Amino acid sequence: MGTKSLCLLLASVLVAYYVYTPIPENIEERWKLMLINAGFRTVSHVAEFAEWLDLMHYMEVLMMITSLEYTAPISDENVTVTDTKFNNVPARLYMPRKQSSGLKRAVIYIHGGGWCVGGSAMEPYDLLSRWTANKLNAVVVSVEYRLAPMYHFPVQFEDVYTVVKFFLQNSVLAQYGVDPNRICISGDSAGGNLAAAVAQQLLDDLEVKVKLKIQALLYPALQTLDLDLPSYKDNENKPILPKSLMVRFWSEYFTTDVSLQEAMASNRHVPAESSHLFRFVNWSNLLPEKFKKDHVYASPIYGSSMLGKKYPGFLDPRAAPLLVDDTKLLGLPVTYVLTCQHDVLRDDGIMYVSRLREVGIEVIHDHIEDAIHGVLMFITSPTDLALGHRVANRYIEWLNINL
Ligand SMILES: *[C@@H]1O[C@H](CO)[C@@H](O)[C@H](O)[C@H]1NC(C)=O
Ligand SMILES: *[C@@H]1O[C@H](CO)[C@@H](O)[C@H](O)[C@H]1NC(C)=O
């Protein structure tokens with residue numbers, strides 16, 4: 001064998017080693033997913049390197065990459081798309097073109113991206129909103145909230161809240177021809193977190209008279225207290241959201257100070273003064289046996305009270321909607337929760353299902369056994385997966401029947 005072919009062989013082995021990630025047995029299109037995940041890991045490595053060189057913040061690199069996927073607001077034969085503002089907060093608006101008598105349904109959509117990246121203009125989000133508008137003949141408002149690290153909690157929450165509150169006025173709904181009795185708030189991942197938080201806070205807002213008919217929470221992040229749940233342990237290195245990245249997203253939502261990130265990574269960030277909150281996320285009570293597997297519940301280990309004082313946001317239910325008393329859950333709309341088996345956030349969603357059901361809220365829990373986090377992102381070429389299309393269809397079909 002010549003030197004050249006030896007080098008080639010060595011390079012191929014290295015590439016294969018880099019690309020290879022163990023993918024759960026029940027997932028289809030394994031190699032495609034592996035390649036996509038290798039792409040995500042590469043971006044993450046580039047971002048770490050740029051940060052190490054002090055060139056850019058890690059999230060700025062991720063933001064640059066995701067912004068390559070931004071599309072202009074282009075109308076098509078079915079839907080008129082415009083970028084607009086609701087009470088000064090930007091949003092992308094999808095108005096179906098089909099002439100119909102009577103009022104339309106509406107979906108307020110909140111995109112994911114760990115409160116740090118993403119946008120309503122990203123191709124998969126744009127497509128999902130178009131499909132929703134077209135299939136349901138509904139008005140879709142996709143909110144463009146401000147992001148970390150430039151803006152921290154509660155800016156993201158407040159931007160979304162501002163749009164929702166503005167839109168839910170009878171005069172505004174009338175202007176868009178929306179039926180006030182058929183409005184949904186929906187979001188994925190960090191967007192599911194914001195949707196759940198906004199739906200809770202609306203219940204106490206006496207100025208808002210219109211009620212949401214449903215909330216759809218798609219693999220949402222719902223709590224900051226226990227970052228060692230069985231789902232975090234089982235899926236620590238699964239595509240496309242490893243635990244380390246989720247910890248980084250959570251901590252960046254509140255601060256760029258690495259001390260919070262470090263404390264969260266070792267699950268020692270909650271001060272003893274907040275020990276009473278742990279009962280809201282006690283997986284030993286809130287998870288069905290099937291998800292507990294052979295995990296053993298351990299009492300929480302507390303961190304310094306300084307972190308809780310400096311960054312109280314991580315103990316705030318507007319950031320962690322699981323941290324409310326049962327009485328605050330009463331009055332929530334019919335809830336659709338989508339969870340993915342191979343996802344660090346799986347147990348957040350499942351625990352919310354248990355809590356909502358305990359107080360009598362109607363919940364539809366759609367658990368997808370062969371799905372990973374972020375599955376709805378994979379609906380546009382070249383990174384589309386049959387799984388992404390299947391899950392998107394299920395969710396939109398559910399909305400169509402229930403909204
Ligand atoms: C418009 O709607 C029809 C019927 O749902 C669909 O077949 C067609 O692909 C849609 N066009 C676009 C551009 O999405
Ligand atoms: C969680 O639940 C278990 C089992 O019911 C219980 O033993 C434990 O004390 C609870 N922990 C907290 C912090 O509420």
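What counts as what
Residues numbered from 1 in each chain as written. Chains lettered and ligands numbered in written order. Predicted model: local features only at pLDDT ≥ 70, side-chain atom pairs only at ≥ 80, totals over all residues. Heavy atoms only, no water. Helix = DSSP H or I, 4+ residues; strand = E, 2+ residues; numbered from the N terminus. Rg over C-alpha atoms; globule rule 2.2 N^0.38 Å. Buried < 20%, exposed > 50% of the residue type's maximum accessible area, 1.4 Å probe, protein only. Areas by Shrake-Rupley, 256 points an atom, 1.4 Å probe, with all protein chains shown as cover. Lys, Arg positive; Asp, Glu negative; His and termini not counted. Charge placed at Lys NZ, Arg CZ, Asp CG, Glu CD. Near = heavy atom within 4 Å. Polar contact = N/O pair within 3.5 Å; in protein donor to acceptor, adjacent residues only side chain to side chain. Nonpolar A, V, L, I, M, F, W, Y, C, P; charged D, E, K, R; others polar. Contact = heavy atoms within 4.5 Å. Arc of directions from axis to C-beta. Salt bridge = Lys/Arg side-chain N within 4 Å of Asp/Glu carboxyl O. Pairing = 2+ DSSP bridges. Axes fitted to C-alpha atoms, helices over the stretch in contact; angles between N-to-C directions.

Visitor: Hey, could you run me through the overall build of the chain in this one?
Guide: The secondary structure content of the chain amounts to 15 helices and eight strands. Here the C-alpha atoms of the chain give a radius of gyration of 21 Å, agreeing with the 22 Å that 2.2 N^0.38 yields for 403 residues. With respect to the three principal axes, the spread of C-alpha positions in the chain is 75 × 55 × 40 Å. Per-residue burial over the chain gives 55% buried out of 403 residues. Accessible surface for the chain amounts to roughly 17,300 Å². Of this, 57% is attributable to carbon and sulfur atoms. When the 36 basic and 44 acidic side-chain charges of the chain are each reduced to a single mean position, those positions are 3 Å apart.

Visitor: Whenever I open this one, the site of ligand 1 confuses me. Can you help?
Guide: Neighbouring ligand 1 are the residues D76, E77, N78 and N134. Within the side chain of E77, one N or O atom sits 3.1 Å away from a nitrogen atom of ligand 1. One of the side-chain nitrogen or oxygen atoms of N78 is found 2.5 Å away from an oxygen atom of ligand 1. A total of 360 Å² of accessible area belongs to ligand 1 in isolation, and the protein chains cover 36% of it. Here the shell around ligand 1 is composed, by residue class, of no nonpolar, two polar and two charged.

Visitor: Would you mind going over the site of ligand 2 with me for this structure?
Guide: F278, R279, N282, S284, N285 and Y297 make up every residue found near ligand 2. Contact distances for ligand 2 include 2.4 Å between an oxygen atom and a side-chain N or O atom of N282. Taking N285, its side chain carries an N or O atom lying 2.7 Å from an oxygen atom of ligand 2. Alone, ligand 2 offers 370 Å² of accessible surface; in the complex the protein occludes 49% of this. Taken together, the residues of the shell around ligand 2 break down into two nonpolar, three polar and one charged.

Visitor: Would you mind showing me how to read the environment of V353 here?
Guide: Following the sequence through the fold, V353 ends up in helix α14 (residues 346-358). The buried category is assigned to V353, whose relative accessible area is 3%. For the pair V353 and L307, spaced 46 residues apart in the sequence, the C-alpha separation amounts to 29 Å. In this view, V353 contacts V337, V363 and H365; residues no more than four positions away in its chain are not counted.

Visitor: When you look at helix α3 (residues 58-67) in this model, what are you seeing that I'm missing?
Guide: Helical periodicity: at 3.6 residues per turn, an α-helix aligns residues three or four positions apart in one direction. All of the buried residues along α3 are Y58, M59, V61, L62 and T66. What you see down the axis of α3 is that its buried residues fit within an arc of 155°, all on one side.

Visitor: Teacher, can you tell me more about the pattern of salt bridges here?
Guide: Note on pairing: side chains with opposite charge can pair once their charged atoms come close. Applying the stated criterion across every chain, the model contains 25 salt bridges. Across the pair R390 and E28 runs a salt bridge, and its minimum N-O distance is 3.3 Å. Linking R390 in helix α15 (residues 386-402) with E28 in the loop between α1 (3-19) and α2 (30-52), this pair joins segments that are 362 residues apart in sequence. According to the relative accessible area criterion, E28 is partly exposed, its value standing at 36%. Here K293 ties to D234 by a salt bridge, and the two come within 3.7 Å at their closest N and O atoms. Taken as a pair, K293 in the loop between α12 (289-292) and α13 (305-310) and D234 in helix α8 (residues 230-234) lie far apart in primary sequence, 59 residues in all. Classification of D234 as partly exposed rests on a relative accessible area of 25%. Taken together, the shared-partner salt bridges in this structure form one network comprising D76, D83, R92, D126 and R130.

Visitor: How should the sheet that holds strand β4 (residues 139-143) be read in this particular structure?
Guide: Where strands meet in a sheet, backbone hydrogen bonds hold them as pairs that are either parallel or antiparallel. The sheet built from eight strands is open, its strands ordered β1-β2-β4-β3-β5-β6-β7-β8 with mixed pairing. Only two strands of the sheet have a single partner each, and these edge strands are β1 (79-86) and β8 (363-372). If you compare each strand with its neighbour and ignore which way they point, the axes differ by 20° on average. Relative to strand β5 (residues 178-188), strand β3 (residues 104-110) runs parallel, the two being bridged by six bridges. Looking across to β5, one finds that V107 is bridged to C184. Where helix α4 (residues 123-136) meets the sheet, its contacts fall on β1, β2 (89-96), β3, β4 and β5, and the angle it forms with β2 comes to roughly 40°. Sheet strands in contact with helix α7 (residues 190-202) are β3, β5 and β6 (214-218), and its direction is about 135° off that of β5.

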